[in-house]
Amino acid sequence: MAIEPTIRFHGAAGTVTGSCQLVEFGATKILVVCGLFQGSKTEKELNYRPFPFDPKKLDAVILTHAHIDHSGLLPKLARLGYDGPIFATPATTDLCSVMLADSAHIQESEVDQLNRRNLRRGRETVTPIYTARDAAVAVELFRQVRLGAWEGAGEGVRFRFWNAGHLLGSASVEMEIDTGPSAMRLLFSGDIGPRHKLLQFDAKAPTGWDYVICESTYGDVEREEADDSVRRNILRSQVLNATHPNGTSHPLFRGGTHAGTADRSCPSDGSRRRYQMSNHH
Ligand SMILES: [Zn+2]
């Protein structure tokens, strides 16, 4: 009897962060992305729970892009003994070498603050989800795969990347699983960017899939078409607004997180402006 692959969703299910899909085919186990849960305290606590699979038994990890809600638990995977390849495009590899170290720094400093409070209140201290050292170990596991190049991920499974137009290096994953006379074809979309951007090509992928696993964070949002001139005008008005004495600015593209916020002091007039940082527009 032919073996059927299974896909389990261990994150970004009922919430929009912590993307993590486990593909199993016979003895082959492949993780597609391994993201950090971000948002409310309840969501963040999910990062501390054990993985619902054994990291040491994975054959490979395939990463669609560097955003932390897709890559942010890779250092935890390395900390728990995963030492196989993490396949990613060259640009994703470069971004992750900076962003995972930054994420580790955030984990360590947040836990440091929490532990100071815990000590004052006589509570037990906690350990960070991972450290800068774990992030460095994870980065060493990265294997660069160029767009369009087939790569084996485990017995009976191969994949190739397609440009997803979402972030520098972002990719969708075409996966072929050797289920019989004709291979099963899957597409993991990863986050997909809007069309007509100034600095990136539009998303691209073939058709004829057996299954498409599609990110749908903004699936219920109808976006207006925006060509180059519309985008330039939006940027122009936002820059003018931001430089006005009472102005505010949003959004500012940032690679590290999804839709975080940050305060910035304005020394010239002493006022404080709130900057909404988002990477989905
Ligand atoms: Zn993303």
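Each residue is numbered by its place in its chain's sequence as written, counting from 1. Since the coordinates come from a predicted model, pLDDT governs what is reported: local features require at least 70, and pairs of side-chain atoms require 80 or more to be given and counted, while whole-chain, interface and lining totals use all residues.

Considering helix H4 (residues 90-120)
Numbered from the N terminus, helices here are DSSP runs of H or I no shorter than four residues, and strands are runs of E no shorter than two. The length a helix should cover is 1.5 Å for every residue beyond the first. When the terminal C-alpha atoms of H4 are compared, their 46 Å separation across 31 residues agrees well with the 45 Å that a helix rising 1.5 Å per residue should span. The sharpest bend along H4 comes to roughly 30°, located at cysteine 96. Looking at H4, one finds that the buried residues are Thr92, Leu95, Cys96, Met99, Leu100, Ser103, Ala104 and Gln107. Distance between backbone-placed C-beta atoms decides contact: two residues are in contact if it is within 7 Å. Of the surrounding elements, those touching the buried residues of H4 are helix H2 (68-71), helix H3 (74-79), strand E5 (86-88), helix H5 (132-140) and strand E6 (142-144). We define the bend at each residue as the angle formed by axes fitted to the 7 residues ending at it and the 7 residues starting at it. Around each residue's C-beta, the other C-beta atoms within 10 Å are counted; 20 or more make the residue buried, 12 or fewer make it exposed, and counts in between make it partly exposed. All C-beta atoms are placed from the backbone.

Structural notes on the sheet that holds strand E1 (residues 6-11)
Strand pairing is assigned whenever DSSP detects at least two bridges linking the two strands. Read from one edge to the other, the open sheet built from 6 strands follows the order E1-E2-E3-E4-E5-E6, with strand pairing classed as mixed. The open sheet has two edge strands with one neighbour each: E1 and E6. Taken over all neighbouring pairs, the strand axes of this sheet differ in orientation by 25° on average, direction set aside. Pairing geometry for strand E3 (residues 28-32) and strand E4 (residues 60-62), over 3 bridges, is parallel. Note on E4: the bridge partner recorded for isoleucine 30 is alanine 60. Where H4 meets the sheet, its contacts fall on E5 and E6, and the angle it forms with E6 comes to roughly 150°. To define axes, lines are fitted to C-alpha atoms, for helices over the stretch in contact only, and angles between the resulting N-to-C directions are given on a 0 to 180 degree scale.

Some details on the nonpolar core
Definition of nonpolar core: a set of buried Ala, Val, Leu, Ile, Met, Phe, Trp, Tyr and Cys residues joined via C-beta atoms within 7 Å. Counting residues in each nonpolar core, the largest one holds 51 residues, and the members touching the most others are Ile30, Val61, Ile62 and Phe87. It is H4 that contributes the most residues to this core, 5 residues altogether. In this structure isoleucine 30 touches Val23, Leu58, Asp59, Ala60, Ile62, Ala153, Gly154 and Val157, once residues within four positions along its chain are discounted.

Quick notes on the sheet that holds strand E11 (residues 211-213)
The strands making up a sheet are joined through hydrogen bonds of the backbone, oriented either antiparallel or parallel. Spatial ordering of the open sheet is given by E7-E8-E9-E10-E11, a layout of 5 strands whose pairing is mixed. Lying at the two open borders of the sheet, with one neighbouring strand each, are strand E7 (151-154) and E11. Strand-to-strand twist of the sheet, defined as the mean angle between neighbouring strand axes without regard to direction, takes the value 30°. Bridge analysis of strand E8 (residues 157-163) against strand E9 (residues 171-177) gives 7 bridges, and the strand direction is antiparallel.

Observations concerning the pairing of E7
Two elements, E7 and E8, share 3 bridges in a ladder whose sense is antiparallel. Bridging across to E8, glycine 154 finds its partner in valine 157. Count of turn residues in the E7/E8 antiparallel hairpin: 2 residues, of which glycine 156 carries a positive phi of about 80°.

What to know about the pairing of strand E10 (residues 184-188)
Summarising the sheet, E9 and E10 pair through 5 bridges and their orientation is antiparallel. If you follow glutamate 174 over to E10, its bridge partner there is leucine 187. The hairpin formed by E9 and E10 contains 6 residues between the paired strands. Across 3 bridges, E10 lies against E11 in parallel orientation. In the strand pairing of E11, phenylalanine 188 is matched with isoleucine 213.

Brief notes about the packing of H4 against H5
One can describe the packing of H4 onto H5 by two numbers: an axis separation of 8 Å at closest approach and a directional angle of 160°. Between H4 and H5, the crossing angle belongs to the class labelled roughly antiparallel. Crossing geometry of H4 relative to H5 is assigned as right-handed. Contacts between H4 and H5 involve Cys96, Ser97, Leu100, Ala101, Ser103, Ala104, His105 and Glu108 from the former and Ala132, Asp134, Ala135, Ala138 and Val139 from the latter. Grouping the amino acids of the contact of H4 with H5 by side-chain chemistry returns 8 nonpolar, 3 polar and 2 charged. Here the angle decides the label: under 35 degrees means roughly parallel, over 145 means roughly antiparallel, 65 to 115 means roughly perpendicular, and every other value means oblique. Helix crossings get a hand from a simple test, with the near helix turned counterclockwise from the far one by less than a right angle marking a left-handed crossing and a clockwise turn marking a right-handed one. Classes in brief: Ala, Val, Leu, Ile, Met, Phe, Trp, Tyr, Cys and Pro nonpolar; Asp, Glu, Lys and Arg charged; the others, Gly included, polar.

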